[in-house]
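# Structural overview
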Amino acid sequence: MGHPLQQTTTAGNNRGEEIEQFDVIIIGAGVTGLYSLYRLRELGLSVQTFEGGGGVGGTWYWNRYPGARFDSESYTYGYSFSKELLQEWDWKELYSGQPENERYLNYVADKFDLRQHIRFNSRVVSAVFDEDEHVWQIHLQDGHQAQAQFFITAVGSLSAYYVPDFEGIDSFQGAWCHTGRWPAEGMDLAGKRVGVIGTGATGVQLITEIAKEVGHLTVFQRTANYCAPLRNRLIDDNMQRQIKASYPEIFKRCNETAGSFMHQFDTRSAMSVSPEERLEQYERLWSEPGFKKWLSNFYDVMMPGEANEDYAEFVRNKIRERVKDPVVAEKLVPKDHLFGSKRLPCESGYYEVFNQANVLLVDVRESPIERITPKGVQTTAAEYDLDVLIFATGYDAVTGSLNRIDIQGEGGQTLRDKFANGPRTYMGISSPGFPNLFTINAASVGNFVRACEPLVDWVSEAICYVREHGFTRISATPEAEVAWTQHVSEAGAKILRTQANSWFVGANIPGKARFLLTSPDTAPVMRAKRAEVAAKGYEGFELS
Ligand SMILES: Cc1cc2nc3c(=O)[nH]c(=O)nc-3n(C[C@H](O)[C@H](O)[C@H](O)COP(=O)(O)OP(=O)(O)OC[C@H]3O[C@@H](n4cnc5c(N)ncnc54)[C@H](O)[C@@H]3O)c2cc1C
């Protein structure tokens, strides 16, 4: 049974089959897709969501690896659109783990009766714009088809998991998996010889957790990262009451910050205070939970220069203090990128893992991986025998999940070709030649739900505007695309995020064009910009 406001119709295709028609088709049932579905349905539109996974949650459905948890404070990450939901749901930990996060998103799907509009285990392989009918034709891997006037790709910015193309990978006789496809039934690691490739935010969480049960652990590290203590804890009843009483203030505060986290930079320069005062602040923040040490620090710690290097050295010394073997410690100390140029991995005992007798750190910068063998991993220096191999090798970010779909716009041009040198959009949302397509996954970063809720609201309102004003199409103008792309390139060059070889600029994927994949602007600036565009009748967009 459909939502009372939904009216699904059907049309025939050229093979005489019935094709369901909707106002909007959404790909993805993660936090963005779920909220898009809710919002558009509430506005009276017929909506269908296709999700490749077997359940809701996106990131929190797929990432079942041991140790997977938030780096956002749980209560700042949840949806804000329903006061009832906010009061009903108890976050149990300051930084909640994957099982609980998945439960939360299932709770949301049930509470708002969203499942009836989601087709699970449904991978979209192509989307073709029909220029005569002004509709997107959507094709699924299983042969199913559907069409809609509007098409939203809530396909995730970190969902196209990436396994490096190592020679011999299929010859490995043990079990292997990518952390983003961790099997629901788990991996049998107890007492086994386990190898982990990758020491980014995921690798750090995973390694800390599985080191407690494996027989032997070999960690293959390419880049040492700055990691900071998470200091997770349970939320007690008193804190629970305080959180529930202050949601409006919490969200207001998040909305005022650059990355939509609840942490605000110190307006003082690190170099303007005495060395004692500086160190006192560093230590105080270090003893506090989460991203405070990154985002509540002196403002210039987040800019290339003396303050950034001063704090980087403070963090390096924290690492040195915790690792007993000085040679291993130096391998774990980052020296090739600026502090804060990547999202800060948060840890709960990561460095102590390397004090365990059954843990080996292999620096693959020093001796690169040559191939995967039937028995394990061969580097230029040695072969490491393994029973299980885990790839914590990250994602083909933002454009990866779009490129895995054959999206064809006007004149048969593909989005894959158009984005070959980096996204070519207006505000990440829309690209000329692809009318009524909202690439919503290319436009949100930071504390994710805080950033994606207003974005989804904006897209939903744009869709209503088009329909209410008697138009059939909306897409960014070529001029707006050129100006925005130039802005991303120029403003992006000045921010810390583009200074490291990270997924933010596509540097983790061989052959991927180096280009900032997210907006260079802060969340408040982006919200204001979008509001201005809408207030001016969707300036920079062509409506026809
Ligand atoms: C391990 C990990 C930890 C993270 N921790 C945090 C955190 O603490 N705080 C934070 O703010 N952010 C965090 N993130 C970022 C996280 O991705 C976002 O918070 C958020 O979950 C993204 O939601 P989404 O709905 O946009 O995309 P996703 O959750 O990635 O969902 C996209 C969905 O689209 C589906 N899909 C993609 N392509 C297709 C297709 N062709 N056909 C059908 N379905 C398709 C996928 O199966 C997936 O379910 C983390 C990311 C990872 C990987």
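Residues numbered from 1 in each chain as written. Predicted model: local features only at pLDDT ≥ 70, side-chain atom pairs only at ≥ 80, totals over all residues. Heavy atoms only, no water.

### Some words on the sheet that holds strand β15 (residues 376-379)
Strands sit in the order β14-β15-β16 across an open sheet of three strands; the sheet is antiparallel. With one partner strand each, in any of the chains shown, β14 (369-372) and β16 (383-385) form the two edges of the open sheet. Sheet twist, expressed as the mean angle between neighbouring strand axes with direction ignored, is 20°. Inspection of the sheet shows β14 paired to β15 by three bridges, in the antiparallel sense. Considered in β15, the bridge of Ile-372 is made with Val-377. (Pairing = 2+ DSSP bridges. Helix = DSSP H or I, 4+ residues; strand = E, 2+ residues; numbered from the N terminus. Axes fitted to C-alpha atoms, helices over the stretch in contact; angles between N-to-C directions.)

### A look at the site of the ligand
Around the ligand, the structure places 33 residues, and the nearest of them are Thr-32, Glu-51, Asp-71, Ser-72 and Tyr-77. Between Arg-123 and the ligand, the recorded distance is 3.5 Å, taken from a side-chain N or O atom to a nitrogen atom. Here the ligand has 980 Å² of accessible area as a free molecule, and 95% of this is covered by the chains. When residues of the shell around the ligand are traced back to their parent elements, those giving at least two are α1 (31-42) and α2 (59-62). Of the residues belonging to the shell around the ligand, the class tally is 14 nonpolar, 15 polar and four charged. (Near = heavy atom within 4 Å. Polar contact = N/O pair within 3.5 Å; in protein donor to acceptor, adjacent residues only side chain to side chain. Areas by Shrake-Rupley, 256 points an atom, 1.4 Å probe, with all protein chains shown as cover. Nonpolar A, V, L, I, M, F, W, Y, C, P; charged D, E, K, R; others polar.)

### Regarding the packing of aromatic side chains
Under the criterion given, the structure shown has 40 aromatic pairs. Relative to Phe-291, the ring of Phe-261 lies with its centre 5.2 Å away and its plane at 80°, an arrangement referred to as edge-to-face. With a gap of 30 residues between them, Phe-261 in the loop between α8 (247-256) and α9 (275-286) and Phe-291 in the loop between α9 and α10 (292-295) connect regions that are remote in the sequence. On the accessibility criterion, Phe-291 (1% relative accessible area) is buried. Taking 5.4 Å as the distance between ring centres and 50° as the angle between the ring planes, the aromatic pair formed by Tyr-426 and Phe-541 counts as tilted. Of this pair, Tyr-426 sits in the loop between α15 (415-418) and β19 (437-438) while Phe-541 sits in strand β21 (residues 541-543); the two residues are 115 residues apart in sequence, bridging distant segments of the chain. Here a set of aromatic residues connected by ring pairs shows up, and it is made of Tyr-35, Tyr-38, Trp-60, Phe-70, Tyr-77, Tyr-79, Phe-81, Trp-89, Trp-91, Tyr-104, Tyr-107 and Phe-112. The ring of Phe-112 carries Lys-111 above its face, with NZ or CZ at 5.6 Å from the centroid. The lysine or arginine in question, Arg-181, covers the ring of Trp-62, its NZ or CZ lying 3.6 Å from the ring centre. (Phe/Tyr/Trp six-rings, centres within 6.5 Å; stacked < 30°, edge-to-face > 60°. Buried < 20%, exposed > 50% of the residue type's maximum accessible area, 1.4 Å probe, protein only. Lys NZ or Arg CZ within 6 Å of the ring centre and 35° of its normal.)

### Some details on the nonpolar core
Counting 93 residues, the largest nonpolar core has Tyr-75, Tyr-79 and Phe-541 as its most contacted members. Among the elements that make up this core, the one with the highest residue count is helix α16 (residues 448-468) (10 residues). Discounting residues that sit within four places of it in the chain, Tyr-75 has contacts with Trp-91, Leu-94, Ile-235, Met-239, Ile-243, Tyr-247, Ile-250, Phe-251 and Met-262. Core analysis: the next-biggest nonpolar cluster, separate from the first, contains 32 residues, Val-214, Val-219, Ile-319 and Ile-390 among them. (Core = buried A, V, L, I, M, F, W, Y, C linked by side-chain atoms within 4.5 Å. Contact = heavy atoms within 4.5 Å.)

### Some points on helix α6 (residues 201-210)
Most of α6 sits inside the fold, with eight of its 10 residues counted as buried. Every buried residue of α6 is accounted for by Thr-202, Gly-203, Val-204, Gln-205, Leu-206, Ile-207, Thr-208 and Ile-210. In this structure, the buried side of α6 is in contact with β9 (193-197), β10 (216-221), β12 (346-347), α13 (350-353) and β17 (388-391).

### Quick look at the sheet that holds strand β8 (residues 175-178)
Pairing is parallel in the open sheet, where five strands are placed in the order β8-β17-β9-β10-β13. Edge positions in the sheet fall to β8 and β13 (359-363), since each has one partner strand and no second. Between one strand axis and the next, the sheet turns through 15° on average, direction left out of account. Relative to β17, β8 is paired through four bridges, and the arrangement is parallel. When the bridges of β17 are listed, Trp-176 appears paired with Leu-389. Sitting on the sheet, α6 is in contact with β9, β10 and β17, with an inclination near 165° to β9.

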